[in-house]
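Single-letter residue listing:
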Amino acid sequence: MSEEFELQPIDEFRFRIPRNEARGMRTDVVVYASRRLIEQIRRDQSLEQAVNVAALPGIVGPSLAMPDIHQGYGFPIGGVAALDWNHGVVSPGGVGFDINCGVRLVRTAVSVDEARPKIRDLVNQVFRDIPCGAGGEGPITLDHPELDRVLAGGAARMVEQGFGEPRDTEFAEERGCLAEADPGKVSVRAKTRGRCQLGTIGSGNHFLEIQYVEKIHHPAAARAMNLEKDQIVVLIHCGSRGLGHQVCTDYLAQMGEAMKKYGIAVPDRQLACVPIHSPEGQSYLAAMRAAANFAWANRQAILHFLRLSFRKIFGSGTQIDLIYDVCHNIAKRESNPLAGGARDVLVHRKGATRGFPAHHPDLPAAYREVGQPVLVPGSMGTASWILAGSEGALRNTFGSVCHGAGRLLSRTAAKKGRNAQEIRKQLESAGIIVRSETRDGILEEIPEAYKDVDEVIEVVHRAGLAYKVARLRPLGVIKG
Amino acid sequence: MFEILEHPADVGFRAMAPSLPELFEAAAEALVAVVLDPVNIRPARAVTLSAEGDSRESLLVNWLSEVLYWLDGERFAFCGFKVREFDSGRITADAQGERRDPARHEIRLVVKGITYHQLKIENSGRNWICEVYLDV
């Protein structure tokens with residue numbers, strides 16, 4: 001519980017926990033939430049975790065919490081922290097085990113009316129072609145030299161190898177590849193865990209959802225994204241699989257030792273951190289970038305197999321294009337006005353999405369006038385959202401917005417008194433077909449386990465961090 | 001002996017045993033049971049696992065990370081652990097099991113990593129008890 005913290009309202013959608021030196025805080029915590037969401041947020045330890053993040057050496061601006069914040073490990077999920085590039089620290093816990101967990105959204109030339117009669121066949125086809133990979137191997141196995149090329153090249157390397165179309169890479173954050181990745185900093189164990197997992201979704205809250213555009217909220221932005229009402233789109237939520245998990249494990253173990261050397265103490269061991277420019281910090285960042293590139297390569301491979309699935313069901317000419325790909329577990333060097341003009345910061349986004357506004361130089365030409373697409377999946381069977389970045393995010397949150405609905409019930413509580421068959425039937429009666437590889441995959445992700453995604457989006461929209469473009473509804477879900 | 005614990009986003013377990021080495025064995029068994037259904041696993045192959053740590057807590061996290069690596073990276077299904085050597089900074093254990101067979105070994109959950117979140121190792125007088133949370 002985080003009841004003890006005094007939350008000072010700043011305005012309708014922002015609350016402040018003032019800096020308290022006795023708790024080691026070097027800055028304030030600012031939480032974006034409605035009054036209803038803040039009551040839900042208080043129920044777990046996420047505010048305490050945001051307070052702990054405020055104690056990190058070199059933090060610039062406030063420790064930020066997005067409206068979908070919930071309890072994580074060390075950092076809260078939905079937390080954003082910018083660390084001074086020259087004097088700050090890097091924390092693997094601020095990125096998480098699933099490095100570059102993210103969301104990729106693709107549009108198709110198929111309409112909801114064309115899809116409905118074939119949805120069961122389509123879901124089964126996708127389930128066959130794109131395994132969750134919980135129990136074994138994925139569709140691609142790489143030897144170590146080729147894996148190193150993927151770690152260095154990200155999505156582009158997959159396209160070079162025939163897993164995609166050249167323009168796919170244009171529509172991804174960082175064009176699907178972080179520079180200065182060093183495969184040599186990724187352990188053999190991490191590579192062994194990941195080498196058979198490209199093209200797989202994973203389990204937990206990861207999924208692939210076949211959706212349709214229920215409502216367009218901003219016609220001009222929707223036009224820029226070539227979106228129309230009733231169009232079928234596919235949302236892919238997954239990350240760097242075992243490779244990224246092992247990179248985090250490896251460096252967390254090292255940093256616990258290294259912190260002593262640098263005289264750093266943190267309130268929670270999971271916040272282990274070292275100076276950005278220390279050898280340990282530089283090694284972690286080089287390995288983290290390689291794992292991030294693996295995640296982009298993974299989502300690129302999934303897009304390739306998705307194209308094959310759709311073409312088997314709807315014909316070989318079915319056009320499928322990438323709208324955008326965002327990461328929501330990452331640490332990146334960015335220049336930001338909130339950091340005082342030209343000052344560079346290492347922005348840790350742990351369960352938060354980058355959302356750059358119109359005219360930002362990092363955007364592809366197609367989105368220059370409307371802002372970066374921000375992709376926010378809701379809980380299974382409810383709605384997902386496409387937003388676009390607004391100026392407010394760059395001014396107030398280091399260009400960051402929410403990443404999902406935010407968990408409300410524990411996995412155990414979600415399963416209590418429910419059985420998977422009933423949930424599957426309920427969803428089917430609402431026109432949603434679900435396939436899951438693991439026994440508990442459906443139960444743990446029931447809609448009631450999450451906050452109301454529409455309320456989270458309302459906060460982000462009205463607080464001026466990003467604006468609504470379109471609301472999406474699911475027809476088919478593939479889960480780990 | 002172990003039981004599963006709740007966490008708002010993930011999953012944890014509490015393990016109990018009369019001695020520290022047995023606690024580490026029980027914790028490994030708990031992790032295996034979170035990841036897969038531990039029935040039908042044959043002791044077809046023996047492997048030696050080891051881990052180091054600068055504290056009891058980090059030794060437990062690193063030990064479970066070693067087990068997790070074998071579960072996920074080597075796709076191994078364990079049916080038993082026996083600690084051979086144990087001191088405050090190092091553990092070596094013999095483990096029995098077999099290569100995971102998707103037809104016989106049902107996966108319950110993919111565990112991403114072992115965390116220090118609310119990690120506890122305590123002696124209750126009669127038993128050693130640990131609580132560990134996993135990122136899933």
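This text gives an overview of the structure that appears in the document. Small disclaimer: the values here were computed from a predicted structure and weren't measured. (Residues numbered from 1 in each chain as written. Chains lettered and ligands numbered in written order. Predicted model: local features only at pLDDT ≥ 70, side-chain atom pairs only at ≥ 80, totals over all residues.)

**A short note on the overall build of chain B**
Note the cut-off: Under the scheme used here, helices are H or I runs from DSSP no shorter than 4 residues and strands are E runs no shorter than 2 residues, and both carry numbers assigned from the N terminus. For this measure, only C-alpha atoms enter the radius of gyration; the expected value for a globule follows 2.2 Å times N^0.38, where N is the number of residues. Each residue is classed by its C-beta neighbour count within 10 Å, where at least 20 other C-beta atoms makes it buried, 12 or fewer makes it exposed, and intermediate counts make it partly exposed; the C-beta atoms are placed from backbone geometry. Contacts are defined on C-beta atoms placed from the backbone: any two residues whose C-beta positions lie within 7 Å are in contact.
A tally of helices and strands in chain B yields two helices and eight strands. Taking 14 Å as the expected radius of gyration for a compact globule of 136 residues, we find that chain B reaches 14 Å, a close match to that expectation. Within chain B, buried positions represent 51% of all 136 residues. Excluding contacts between residues fewer than 6 apart, the proportion of contacts in chain B whose partners are at least 24 apart in sequence is 63%.

**Observations concerning the pairing of strand β9 (residues 231–238) of chain A**
Residues and elements named next belong to chain A. The condition is simple: Strands were regarded as paired on the criterion that DSSP finds at least two bridges between them.
Where burial is concerned, most of β9 is hidden: eight out of the eight residues are buried. Burial along β9 is two-sided: the residues Gln231, Val233, Leu235 and His237 and Ile232, Val234, Ile236 and Cys238 are all buried. Here strand β7 (residues 102–111) runs beside β9; their pairing, made up of seven bridges, is antiparallel. Counterpart to Ser111 in the pairing with β9 is Gln231. Relative to β9, strand β8 (residues 207–216) is paired through six bridges, and the arrangement is antiparallel. Bridge pairing in β9 links Gln211 to Val233.

**Brief notes about the interface of chain B and chain A**
What counts here: Following the grouping adopted for this structure description, the nonpolar residues are Ala, Val, Leu, Ile, Met, Phe, Trp, Tyr, Cys and Pro, the charged ones are Asp, Glu, Lys and Arg, and the polar ones are all others, Gly among them.
Every contact between the two is made by 28 residues of chain B and, on the other side, 36 residues of chain A. Elements with a minimum of two residues in the side of chain B that touches chain A: β1 (2–6), α2 (56–72) and β8 (128–135) of chain B. Ranked by residue count, the leading element in the side of chain B that touches chain A is α2(B), at five residues. Looking at the side of chain B that touches chain A residue by residue, the class counts come to 12 nonpolar, eight polar and eight charged.

**Thoughts on the sheet that holds strand β3 (residues 45–52) of chain B**
All names here are of chain B. To keep it simple, the criterion reads: Inter-axis angles, ranging from 0 to 180 degrees, are taken between N-to-C directions of lines fitted to C-alpha atoms, where helices are fitted over the stretch in contact.
Strands sit in the order β3-β5-β4 across an open sheet of three strands; the sheet is antiparallel. Single-partner strands in this sheet number two, and they are β3 and β4 (76–87). In this sheet, neighbouring strand axes are inclined to one another by 25 degrees on average, regardless of whether the strands run parallel or antiparallel. Packing against the sheet, helix α1 (residues 20–35) makes contact with β4 and β5 (90–99), and its axis sits at approximately 160 degrees to β4. Contacts between α2 and the sheet are confined to β3, β4 and β5, with β3 contributing the most and set at about 145 degrees to the helix.

**Considerations on the packing of helix α9 (residues 241–262) of chain A against helix α10 (residues 279–314) of chain A**
Residues and elements named next belong to chain A. Keep this limit in mind: When an angle is under 35 degrees it counts as roughly parallel; over 145 it counts as roughly antiparallel; between 65 and 115 it counts as roughly perpendicular; any other value is oblique.
Across the interface, α9 lies against α10 with an axial gap of 9 Å and an inter-helix angle of 170 degrees. Taken together, the axes of α9 and α10 are roughly antiparallel relative to one another. Facing Arg241, Leu243, Gly244, Val247, Tyr251, Gln254, Met255 and Ala258 of α9, the residues of α10 in contact are Glu280, Tyr284, Ala287, Met288, Ala291, Phe294, Ala295 and Asn298. Here the residues of the contact of α9 with α10 sort into 11 nonpolar, three polar and two charged.

**Focus: the nonpolar core**
Nonpolar side chains in soluble globular proteins generally cluster together in the buried interior. Note the following rule: Definition of nonpolar core: a set of buried Ala, Val, Leu, Ile, Met, Phe, Trp, Tyr and Cys residues joined via C-beta atoms within 7 Å.
Formed by 222 residues in total, the largest nonpolar core has its most connected members in A:Leu83, A:Ala291, A:Leu387, B:Ala27 and B:Leu64. Per element, the largest residue contribution to this core is 17 residues, and it comes from α10(A). The residues touching B:Leu64, leaving out its near neighbours within four places in the chain, are B:Ala27, B:Ala28, B:Leu31, B:Ile114 and B:Val132.

**Quick word on the sheet that holds strand β13 (residues 344–350) of chain A**
Residues and elements named next belong to chain A. In spatial order, the strands read β1-β2-β3-β4-β5-β13-β12; together these seven strands make up an open sheet with mixed pairing. Only two strands of the sheet have a single partner each, and these edge strands are β1 (8–11) and β12 (329–335). Each strand of the sheet is rotated relative to its neighbour by a mean of 25 degrees, with strand direction disregarded. Inspection of the sheet shows strand β5 (residues 77–84) paired to β13 by six bridges, in the antiparallel sense. When the sheet's bridge partners are listed, Val80 is paired in β13 with Arg349.

**Let's talk about unusual backbone geometry**
All names here are of chain A. A positive phi angle, close to 60 degrees, is found at Glu174, a residue other than glycine. Mapped onto the fold, Glu174 is located in the loop between α6 (155–160) and α7 (188–194). Phi angles above zero are rare outside glycine, and Arg175 is one such case at about 55 degrees. Within the secondary structure, Arg175 sits in the loop between α6 and α7. Looking at Arg175, the number of C-beta atoms within 10 Å reads 17, which means it is partly exposed.

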